[in-house]
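A closer look at the structure
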Amino acid sequence: MHRTPNPRTTLHALPPIGIGTPEVESLTSYIARLAHSHSMTAQKLTDWVLDHFGEEVCAKYAWHQRSLSGASDQSELWASRLAELTGVENLDRLTLSPWQHLVGTPGLAPKSDRWCPCCLAEDREEGREPYLRLAWDVAPVTVCSKHRVELVSTCPHCERSNVRNRASIVVPGYCTHCGGFLGDAQAEDATPERLWIARTVGQMLAKAPQVSEEGRLPLIETVIERMACGRMTQFASRYGFSKSGVSHWLNNGGLPNLKAWLTIGLHGGIGLDRLFAGEVEDWVMPIDPPQLSIDLGSSPRAGIVSRELDWEAIRAELRKMLLTLTPISISEAAQQLGVGRKHLYLRANAEARALAERHSRYRAAQGEQSRQKLQARIAEILDERLSDGYAGISARDVWEALDEDTRKAPHVFSHISEIMRSHLT
Ligand SMILES: [Zn+2]
Ligand SMILES: [Zn+2]
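Residues numbered from 1 in each chain as written. Chains lettered and ligands numbered in written order. Predicted model: local features only at pLDDT ≥ 70, side-chain atom pairs only at ≥ 80, totals over all residues. Heavy atoms only, no water.

Overview of the overall build of the chain
Of regular secondary structure, the chain possesses 17 helices and two strands. Its C-alpha atoms give the chain a radius of gyration of 28 Å, more than 25% over the compact-globule value 22 Å for 425 residues. C-alpha atoms of the chain, sized along the principal axes, occupy 100 × 60 × 45 Å. Expressed as a percentage of the 425 residues in the chain, the buried residues total 46%. The long-range share in the chain, meaning contacts at least 24 apart out of those at least 6 apart in sequence, stands at 69%. Accessible area for the chain stands at about 21300 Å²; split by element, carbon and sulfur atoms hold 49% of it. Taking the average location of the 48 positive side-chain charges in the chain and that of its 52 negative ones, the two points are 2 Å from each other. (Helix = DSSP H or I, 4+ residues; strand = E, 2+ residues; numbered from the N terminus. Rg over C-alpha atoms; globule rule 2.2 N^0.38 Å. Buried < 20%, exposed > 50% of the residue type's maximum accessible area, 1.4 Å probe, protein only. Contact = heavy atoms within 4.5 Å. Areas by Shrake-Rupley, 256 points an atom, 1.4 Å probe, with all protein chains shown as cover. Lys, Arg positive; Asp, Glu negative; His and termini not counted. Charge placed at Lys NZ, Arg CZ, Asp CG, Glu CD.)

Regarding the nonpolar core
Phe235, Trp261, Leu275 and Phe276 are the most contacted members of the largest nonpolar core, which has 84 residues in total. Domain assignment of the residues forming this core places at least three in each of domain 1 (27-184) and domain 2 (210-293). In this structure, tryptophan 261 is in contact with Leu102, Val103, Leu219, Ile220, Val223, Pro256, Leu272, Leu275 and Phe276, ignoring residues within four places of it in sequence. Ranked by size, the runner-up nonpolar core spans 16 residues in total, among them Ile314, Ile330, Ala348 and Ala354. (Core = buried A, V, L, I, M, F, W, Y, C linked by side-chain atoms within 4.5 Å. Domains from an automatic or database assignment.)

Digging into helix α6 (residues 216-228)
Helical periodicity: at 3.6 residues per turn, an α-helix aligns residues three or four positions apart in one direction. The terminal C-alpha atoms of α6, which comprises 13 residues, lie 18 Å apart, in line with the 18 Å expected from a rise of 1.5 Å per residue. Counting buried residues along α6, ten of its 13 residues qualify, which places the element largely inside the surrounding structure. When we look at burial in α6, the residues that qualify are Arg216, Pro218, Leu219, Ile220, Thr222, Val223, Ile224, Arg226, Met227 and Ala228. Buried residues along α6 sit against α7 (232-239), α8 (243-251), α9 (258-268) and α10 (272-276). (Expected span 1.5 Å × (residues − 1).)

Considering the coordination of the zinc ion (ligand 2)
The protein atoms that coordinate the zinc ion (ligand 2) are Cys155 (SG), Cys158 (SG), Cys175 (SG) and Cys178 (SG), at distances of 2.3 Å. Classification of the site at the zinc ion (ligand 2) as tetrahedral follows from its four donor atoms and the range of 106 to 115° in their angles at the metal. Each donor residue of the zinc ion (ligand 2) lies on one chain, and together they are spaced C-x2-C-x16-C-x2-C. Of this pair, cysteine 155 sits in the loop between β2 (149-150) and α5 (192-206) while cysteine 175 sits in the loop between β2 and α5; the two residues are 20 residues apart in sequence, bridging distant segments of the chain. For the pair formed by cysteine 155 and cysteine 175, the shared burial category is buried. (Donors = N, O, S within 2.8 Å, 3.2 Å for Na, K, Ca; no water. Tetrahedral: all angles 85-135°; square planar, octahedral: opposite > 155°, others 65-115°.)

Section: the packing of helix α1 (residues 27-37) against helix α3 (residues 73-86)
Contact geometry for α1 and α3: axes closest at 11 Å, N-to-C directions at 35°. Relative to α3, α1 is oriented so that their crossing is left-handed. Contacts between α1 and α3 pair Leu27, Tyr30, Ile31 and Leu34 from the former with Ser75, Trp78, Ala79, Leu82 and Thr86 from the latter. (Axes fitted to C-alpha atoms, helices over the stretch in contact; angles between N-to-C directions. Left-handed = near helix turned anticlockwise from the far one by under 90°.)

Observations concerning the domain arrangement of the chain
Partitioning the chain into structural domains gives domain 1 (27-184), domain 2 (210-293) and domain 3 (311-424). The gap between the C-alpha centroids of domain 1 and domain 3 is 42 Å. Contact with domain 1, which involves 13 residues of that partner, is made by eleven residues of domain 3. Both faces considered, domain 1 and domain 3 share a buried interface measuring about 990 Å² in area, 44% of it formed by carbon and sulfur atoms. Three residues, Glu76, Glu84 and Glu89, lead the burial of domain 1 against domain 3; their summed loss comes to 50% of the area buried on that side. Joining domain 1 to domain 3, the criterion identifies three salt bridges. Residues arginine 347 and aspartate 92 are paired through a salt bridge, measuring 3.2 Å at the closest nitrogen-oxygen approach. Taken together, the links from domain 1 to domain 3 amount to nine residue pairs in polar contact (both at pLDDT 80 or more). Looking at the side of domain 1 that touches domain 3, its residues break down into six nonpolar, three polar and four charged. (Buried area = accessible area lost by both parts, 1.4 Å probe. Salt bridge = Lys/Arg side-chain N within 4 Å of Asp/Glu carboxyl O. Polar contact = N/O pair within 3.5 Å; in protein donor to acceptor, adjacent residues only side chain to side chain. Nonpolar A, V, L, I, M, F, W, Y, C, P; charged D, E, K, R; others polar.)

Structural notes on the coordination of the zinc ion (ligand 1)
Taken together, Cys116 (SG), Cys119 (SG), Cys144 (SG) and His147 (ND1) make up the protein donors of the zinc ion (ligand 1), found 2.1 to 2.3 Å from the metal. Of note is the zinc ion (ligand 1), whose four donor atoms meet at the metal with angles of 103 to 117° in an arrangement that counts as tetrahedral. Every donor residue of the zinc ion (ligand 1) comes from the same chain, spaced as C-x2-C-x24-C-x2-H. Here cysteine 119, found in helix α4 (residues 117-125), pairs with cysteine 144, found in strand β1 (residues 143-144); they are 25 residues apart in sequence, far enough to count as distant. Residue classification places cysteine 119 among the buried residues on the basis of a relative accessible area of 2%. We classify cysteine 144 as buried; its relative accessible area is 6%.

Points about the side chain of serine 26
Here serine 26 shows up in the segment before α1. Overall, the relative accessible area of 0% leaves serine 26 in the buried class. If we skip the residues at most four places from it in the chain, serine 26 touches Ser69, Leu94, Leu132, Arg133, Leu134 and Asp137.

Here's the deal with unusual backbone geometry
For glutamate 159, which is not glycine, the phi torsion reads 60° and is therefore positive. Relative to the elements of secondary structure, glutamate 159 occurs in the loop between β2 and α5. Even without glycine at this site, asparagine 162 takes up a positive phi of about 55°. Within the secondary structure, asparagine 162 is located in the loop between β2 and α5. Exposure remark for asparagine 162: the relative accessible area of 24% places this residue in the partly exposed category.

What follows is the structure, encoded as C-alpha cells:
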C-alpha cells in the first residue's frame, strides 16, 4: 500500500457498505447516513453540496427526487462530488452509472421504494447500521437472493408506501412516516425465476463493467454470433425480441435494457458480470443447438475494447505530477492521462485532491504576485506623470500606459483605482 498526503476532507470519510458484493449500498442510503453523521438532514446536506459547487439550490426540489442511485450522468456527478468532499473512492459503484453506456434506462427504475425486511432485520440483529441496498432500486429485481423472499414496499406499521427514504430526514431502515422499523414486515417466498434474476443482477452490481462504450457494439455482435450464428432475424425471433429493436442496437447505438440483457444471460447461460467484463472468449452456450456446430470463423471477441485502466500506474503518474516545478491543475492532469476528471476523483482520490490543492495554492500565490507587480507598475506610471507636471490623471490613462498583458489582468480597473487612491492621498 502506498500513502500520499491526503488533504483534510470537507465531509466525513464515511466508508460505504458492501462495494464489490451483491449487497452493495445505494448512494441514496450513503447520503442519508452521511447526513446523519453530520447531524444534518439529507435535504440540508444535498443543498449544501450544491451550494458548495456553485449550483443553484431549488427549495422546491426534494433531495430524494434527484437521480442519485440510477444510471445517469446525474448520479455519476453526485458520486464524484461526494468523492471530492469525503475523500472516499468508488462512490459511483453505489449507483448504476457505471453501466449507463451498456444498459438502457427503460424499465430500470422501480415505481415505488422496495426493501427486504430480512436484510434490515439482520443488520439490526447483528449490531450493524441498517442500510439500503442498490439492488432494491433495480426494477427487475423483485426478491432478495440472500433471504429468498419477495421485496416489500409498504410499512408494516402504518401500511403506507414510499416511506423508505422520501423525506428530508431519513434513518435507513425506519419508516419516514411513522418511524416504525421496516424490517418488521412479513415477506412471501420467492420463486426460482425471480431468484435467478436477483442473483444475476447481484453479481452484476458486485463487479464494475469493463466493456467500454466503443466495446458495446462488438459485444452485441458477439452475442448474436454465439446465440444465432450472427443472424439478426433468427436471434430476434428465437429469443422474443422485436426485429426493429435488435436493428436499433446494431445500427443506431440503441442500448438493450436490463430485461433484454437478462434474456440474453438466461438463454446464453452467461452472467451479466461476465458479459460486461467482456469475458466472452470461453463462453459456451448451455445446450448446443445444431446451428451452432457451424464454424464461427474469426474470433467474435475481436474489437471489444476493454476500458480497464491501470489505476496503480495512473496513481503513480499523478504522484509524479505532484512534484512538477509548475503545479498543474486536475483538468490538465486528466487531459494528459486521458482519464476524466470525475474518474480521477472517484478512483485516485487522495492524489487528485492533493494535486487540486497544490494547484489552488499556486494559483493564489500567483495572483498575489501579479497583483504586486501591477501595483508597482501603476505606482511607477503615476510617479512619471506627476513628475511630468500632470496634476490630473484618470484610471483610463493609467490603463492605457500599461503593457498589453497587464491590461488583461482580472479586475484591472478596480486595482488601478485602489492603488491610485492610496498613492494620491
Ligand atoms: Zn434480504
Ligand atoms: Zn410506517
